[in-house]
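Residues per chain, in single letters:
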2 protein chains.
Amino acid sequence: MVDSSLSPSSSGPQASGGGRLLANSVEQLLGYQLRRASAVMMADLARELGDFELRPAEVTALLVVSENPACSQTEVGQTLGIKRANMVPIVSRLMERGLVDRERADGRSHALRVTEAGAALVREAQARIQRHEQRFSALLDPAVLEALFKALPLIRAQRDEEES
Amino acid sequence: MVDSSLSPSSSGPQASGGGRLLANSVEQLLGYQLRRASAVMMADLARELGDFELRPAEVTALLVVSENPACSQTEVGQTLGIKRANMVPIVSRLMERGLVDRERADGRSHALRVTEAGAALVREAQARIQRHEQRFSALLDPAVLEALFKALPLIRAQRDEEES
DNA sequence: TATTGTTATACTCTATAACTATA
DNA sequence: TATAGTTATAGAGTATAACAATA
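The rules we used
Chains are numbered independently. Their residues run from 1 in the order of the written sequence. In the order they appear in the text, chains get letters beginning with A and ligands get numbers beginning with 1. Residue-level local features of this predicted model are given only where pLDDT is at least 70; pairs of side-chain atoms are given and counted only at 80 or more, and the full residue set underlies all totals for whole chains, interfaces and linings. Counting from the N terminus, the helices are DSSP H or I runs at least four residues long and the strands are E runs at least two residues long. Every C-beta atom is placed from the backbone, and the number of other C-beta atoms within 10 Å of a residue's own sets its class: buried at 20 or more, exposed at 12 or fewer, partly exposed in between. This entry defines residue contacts through backbone-placed C-beta atoms, with two residues in contact when those atoms are within 7 Å. To count as a nonpolar core, a set of buried Ala, Val, Leu, Ile, Met, Phe, Trp, Tyr and Cys residues must be joined through C-beta atoms within 7 Å. For every residue, the predictor assigns a confidence score, pLDDT, that lies between 0 and 100. Any residue whose backbone-placed C-beta atom lies within 6 Å of a molecule or strand is treated as near that molecule or strand. For this scheme, ten residues count as nonpolar: Ala, Val, Leu, Ile, Met, Phe, Trp, Tyr, Cys and Pro. Four count as charged, namely Asp, Glu, Lys and Arg, and the remainder, Gly too, count as polar. UniProt positions are given in the numbering used here, feature names are shortened, and annotations may be inferred rather than shown by experiment. Multiplying one less than the number of residues by 1.5 Å gives the expected span of a helix. Directions pointing from the helix axis toward each C-beta atom define the arc.

Quick look at the overall build of chain A
Step number 1: In terms of helices and strands, chain A carries six helices and two strands.
Step number 2: Across chain A, helices and strands are ordered from the amino to the carboxyl terminus as α-α-α-α-β-β-α-α.
Step number 3: Counting only residues that meet the buried cut, chain A has 41% of its 164 residues in that class.
Step number 4: Long-range contacts, defined as pairs at least 24 residues apart, comprise 45% of the intrachain contacts of chain A with a sequence gap of at least 6.

And the structure:
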């Protein structure tokens, strides 16, 4: 069982600055732990992908396009939980960089495809991402890692319905 | 074992929009799952705390101050992984709202304390937060939840050193 | 009418550099 | 010289509303 009370008892990991160690009951909150762990992995990924001058969101979108030739940018957004409006600068950037191109599919929608350069970058990015992932998954027991991959989609599904 | 390859095989949870279902190997990435799950919980928390007109970061800071009378705002920041510079508007807001006050401690540092109104809001906020937390922890087996509380701090510790 | 892409805009959180006044 | 608080600024991600063109 996990102590899910908010009593000022816990400690947990804390920053290592000069000040004293403060009591911090939020350490007991799942949402807080997720947010902090996610921030650490995001920062590490951004660092790992720094050379490419692509943000994590852009790389992720590129991977999805690469796996789904002729998809629309709305579909990519739905897959990644990114709103249509916010896909616009992402796709623009990928096209400016010559990593993706698109042709009209429908008169109102476009079919996205990775270019040669895009495919090459995908291969490099996948290697970086795998390195990054393994740095973290190596910290965890396989059983614990499996529990994460079971739990996180359940959390997500709780309010994943009306995304766009 | 978890399939940590990037081959275009997986599916996992996806948005429910009108478009077709896209292949999405990023579902296999721990960092991605953390980010999505974290975003869902953050959005739910923000909704739950909406009445207070306080952002999640402000409520969290308020809780830490409430547990640590006479702490400095830099200490709160170190505890929560928020930079000194970004603590300024948070503390200002909490003081404007009459939830926290401070007195000089040191000539250069302040001692923060929750006011009566702040303490009252803390009690209400804790109830909301507990409701929010339980909505999500109820989705998970106790053993899985325990695995999360074991794994997430380990992930965090990987690059939690030089925060401020 | 509904959908795709788009624009404009605002909000939240984060990051860095530099300043001040203390210590 | 280091620390606490501050200012200014930029970046990244997300949110909403509204529009044009198309279906």
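Here we look at the nonpolar core
Step number 1: Formed by 80 residues in total, the largest nonpolar core has its most connected members in Leu62(A), Val65(A), Leu62(B) and Val65(B).
Step number 2: If near-sequence neighbours (up to four positions away) are discounted, Leu62(B) is found in contact with Leu94(B), Leu99(B), Val100(B), Val114(B), Gly118(B) and Val122(B).

As for the environment of Leu54(B)
Residues and elements named next belong to chain B.
Step number 1: Looking at where Leu54 falls in the secondary structure, it is placed in the loop between helix H1 (30-48) and helix H2 (56-67).
Step number 2: Considered as a pair, Leu54 and Gln158 are 104 residues apart in the sequence and their alpha carbons are 30 Å apart.
Step number 3: Residues within four places of Leu54 in sequence aside, it is in contact with Leu49 and Val59.

Structural notes on the confidence of the model for chain A
Step number 1: In this model, chain A carries a mean pLDDT of 87, and residues with pLDDT of at least 70 account for 85%.
Step number 2: Here residues 1-17 of chain A is modelled with pLDDT under 50, and outside its nearest four sequence neighbours on either side it reaches 37 contacts, counting other chains as well.

Section: the protein's contact with DNA strand C
Step number 1: In the region of DNA strand C, 24 residues are neighbours, and Thr74(A), Ala85(A), Ser109(A), Ala85(B) and Gly107(B) sit closest.
Step number 2: Mapped by element, the contributors of at least two residues to the surface near DNA strand C are helix H1 (30-48), helix H3 (73-80) and helix H4 (84-96) of chain A together with H2 and helix H4 (84-96) of chain B.
Step number 3: Of all the elements, H4(A) adds the most residues to the surface near DNA strand C, at four residues.
Step number 4: Looking at the surface near DNA strand C residue by residue, the class counts come to nine nonpolar, nine polar and six charged.

Concerning the UniProt feature "domain: HTH marR-type" (unreviewed entry) in chain A
Step number 1: When the UniProt feature table is mapped to this numbering, "domain: HTH marR-type" (unreviewed entry) covers residues 27-157 of chain A.
Step number 2: Between the C-alpha atoms that bound residues 27-157 of chain A the distance is 23 Å, and the span itself is 69% helix and 8% strand.

Details of helix H2 (residues 56-67) of chain A
For an α-helix the count is 3.6 residues per turn, leaving residues at separations of three or four pointing the same way.
Residues and elements named next belong to chain A.
Step number 1: Taking 1.5 Å per residue as the helical rise, H2 with its 12 residues ought to reach 16 Å, and the 17 Å between its terminal C-alpha atoms agrees with that figure.
Step number 2: If you check which residues of H2 are buried, you get Glu58, Val59, Thr60, Ala61, Leu62, Leu63, Val64, Val65, Ser66 and Glu67.
Step number 3: Packed against the buried residues of H2 are H3, H4, strand S1 (100-104), strand S2 (110-114) and helix H5 (116-137).

Remarks on H4(A)
Residues and elements named next belong to chain A.
Step number 1: Given a rise of 1.5 Å per residue, 13 residues ought to cover 18 Å, and the 19 Å separating the end C-alpha atoms of H4 matches this to within 8%.
Step number 2: Looking at H4, one finds that the buried residues are Met87, Ile90, Val91 and Leu94. For H4, the angular spread of the buried residues around the axis is 100°, confining them to a single face. Seen from the open side of H4, the exposed residues pointing more than 90 degrees away from its buried face are Ala85, Val88, Pro89, Ser92 and Glu96.

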